[in-house]
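Results of the structural survey
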Amino acid sequence: MQISEIKEGTVLPAREFTCDNVQLFLYNAVLFNAHRIHFDYPYATEVEGYPNLVLAGPLIGDWLHQCVDAWLGNDGQLLAMEYSNRHAAYVDEVLTGSGEVTSVNAAERTAEIELCIKNAKGDVVAPGKATVRLAGCS
C-alpha cells in the first residue's frame, strides 16, 4: 500500500471482537488487574449491578490497535494512538472495530485515522484516533 492509494474517507475493514471469561481472566492476570468486576460474576452482577463480567478498558484499546495494525500490514507503522473508554463492554458481547482516514500528508507519508469500537446496539464503546506512516515512497 502506497500513500498515494490512501485518501481522506478511506475506510479500514471492520473487525469483530468477542472476549470470553477465560480470555478476560488471562488478560487481566497479565495486567495484574484484580478488580473483581473482571473475574467474579456474582460480585460484578449482584454487587456492582453489571449484566456480565466487564471487559478491561486496555483490551478495547488493544483491539483498536489491532484494527490499524491489520490494515497497515507490513506497509507502515503506527506512530501515535489515543482512545477513551465511554461505555462498559461485557464478556461474550460482539464488538466491532472500524476506522476512517480523516487526513493525509503525502509529503510526510502520514495519515490520521478516526477509530471506534461499537457494540451490537451501535453505541460507541471507545472512540480513538491514530497517526500512521506508510513505508516506501509515494
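Refer to the structure presented above.
The notes below deal with the structure included here.

Conventions and cut-offs
Residues numbered from 1 in each chain as written. Predicted model: local features only at pLDDT ≥ 70, side-chain atom pairs only at ≥ 80, totals over all residues. Heavy atoms only, no water. Phe/Tyr/Trp six-rings, centres within 6.5 Å; stacked < 30°, edge-to-face > 60°. Helix = DSSP H or I, 4+ residues; strand = E, 2+ residues; numbered from the N terminus. Buried < 20%, exposed > 50% of the residue type's maximum accessible area, 1.4 Å probe, protein only. Pairing = 2+ DSSP bridges. Axes fitted to C-alpha atoms, helices over the stretch in contact; angles between N-to-C directions. Salt bridge = Lys/Arg side-chain N within 4 Å of Asp/Glu carboxyl O. Contact = heavy atoms within 4.5 Å. Polar contact = N/O pair within 3.5 Å; in protein donor to acceptor, adjacent residues only side chain to side chain.

1. Considerations on the packing of aromatic side chains
Scanning the entire structure with this criterion turns up 2 aromatic pairs. Plain terms: the ring middles of Phe17 and Trp63 are 4.8 Å apart, the flat faces sit at 10° to each other, and that makes the pair stacked. A residue pair is termed long-range when its members are at least 10 positions apart, and Phe17 in strand S1 (residues 11–17) and Trp63 in helix H3 (residues 57–72) qualify at 46 residues. The class for Trp63 is buried, based on a relative accessible area of 3%.

2. Regarding the sheet that holds strand S2 (residues 76–83)
Taking strand neighbours across the sheet as the criterion, the 5 strands line up as S1-S3-S4-S5-S2 in an open arrangement whose pairing is antiparallel. Each edge of the sheet is formed by a strand with only one pairing partner; in this case those strands are S1 and S2. Within this sheet the neighbouring strands show an average axis-to-axis angle of 25°, counted without direction. Direction of pairing for S1 relative to strand S3 (residues 95–105): antiparallel, over a ladder of 5 bridges. Bridge pairing in S3 places Val11 opposite Glu100.

3. Observations regarding the pattern of salt bridges
Taken as a whole and assessed by the stated rule, the structure comprises 2 salt bridges. Ionic pairing is found between Asp40 and Arg36, a salt bridge with its closest N-O pair at 2.9 Å. Assessed through its relative accessible area of 40%, Arg36 is described here as partly exposed. As a salt-bridge pair, Lys121 and Asp123 come within 3.8 Å of each other at their nearest N and O atoms. The exposure class assigned to Asp123 is partly exposed, which follows from its relative accessible area of 29%.

4. Some details on the environment of Lys7
For Lys7, the location among the structural elements is in the segment before S1. Note: C-alpha distance between Lys7 and Val104 (97 residues apart in sequence) is 6.5 Å. Contact partners of Lys7, with chain neighbours within four places excluded, come to Val101 and Val104.

5. Topic: the side chain of His38
Topologically, His38 is positioned in the loop between helix H1 (21–31) and helix H2 (41–47). According to the relative accessible area criterion, His38 is buried, its value standing at 7%. In terms of polar contacts, His38 uses its side chain to reach the backbone carbonyl oxygen of Val54, at 2.5 Å. Other than its neighbours up to four places away in sequence, His38 contacts Leu24, Asn28, Asn33, Leu53, Val54, Leu55 and Ala56.

6. Description of the environment of Arg109
The residue Arg109 is located in the loop between S3 and strand S4 (110–118) in this model. Each C-alpha atom of the pair Arg109 and Ser4 lies 8.8 Å from the other, and the pair is 105 residues apart in sequence.

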